[in-house]
Amino acid sequence: EFLRQARPKTKAKIVILSSVALEGSPYAAKARLLGADAIITKPSGAVSLDLAAVRGAEMERTIKKILGG
């Protein structure tokens, strides 16, 4: 729902952090279709206390990539 409302109103880059939009899943495909610039999956489900440790470097690379840096 966020993407449906936000994408038409902004040119800002949108990164989705999700426990359900796994690469290749229908959720990820829909997020891309609705305008997500990148999708990062949470490593341990909805509450990922290890997010920084497990996905921190990936998040940094993804943000740099979509910002062109």
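Residues numbered from 1 in each chain as written. Predicted model: local features only at pLDDT ≥ 70, side-chain atom pairs only at ≥ 80, totals over all residues. Heavy atoms only, no water.

Caption draft 1: Local environment of the confidence of the model for the chain. Of the residues in the chain, 97% reach a pLDDT of 70 or more, and the chain-wide mean stands at 87. The secondary-structure element of the chain with the lowest mean pLDDT is helix 3 (residues 51-66), recorded at 85, while helix 2 (residues 26-33) shows the highest, at 94. (pLDDT = per-residue confidence, 0-100. Helix = DSSP H or I, 4+ residues; strand = E, 2+ residues; numbered from the N terminus.)

Caption draft 2: Summary view of the nonpolar core. If you look at the biggest cluster of nonpolar residues, it comprises nine residues: Leu3, Ala6, Ile14, Ile16, Ala21, Ala28, Ala31, Ala36 and Ile39. Elements supplying a minimum of two residues to this core: helix 1 (2-6) and helix 2. Setting aside anything within four residues of it in sequence, one finds Ile39 in contact with Ile16, Ala21, Ala28, Ala31 and Arg32. (Core = buried A, V, L, I, M, F, W, Y, C linked by side-chain atoms within 4.5 Å. Buried < 20%, exposed > 50% of the residue type's maximum accessible area, 1.4 Å probe, protein only. Contact = heavy atoms within 4.5 Å.)

Caption draft 3: Seen up close, the side chain of Arg55. Tracing the backbone shows Arg55 in helix 3. Apart from residues lying up to four places away in sequence, Arg55 is in contact with Ile40, Thr41, Pro43 and Asp50.

Caption draft 4: Molecular detail of the pairing of strand 1 (residues 15-18). With burial as the criterion, only one face of strand 1 is covered, namely that bearing Ile16 and Ser18; the residues Val15 and Leu17 on the opposite face remain uncovered. Inspection of the sheet shows strand 1 paired to strand 2 (residues 38-41) by four bridges, in the parallel sense. Bridging from a neighbouring strand, Val15 pairs with Ala38 of strand 2. The parallel pair strand 1 and strand 2, bridged by helix 2, forms a crossover whose chirality is right-handed. (Pairing = 2+ DSSP bridges. Right-handed = clockwise from strand over helix to strand, strands pointing away.)

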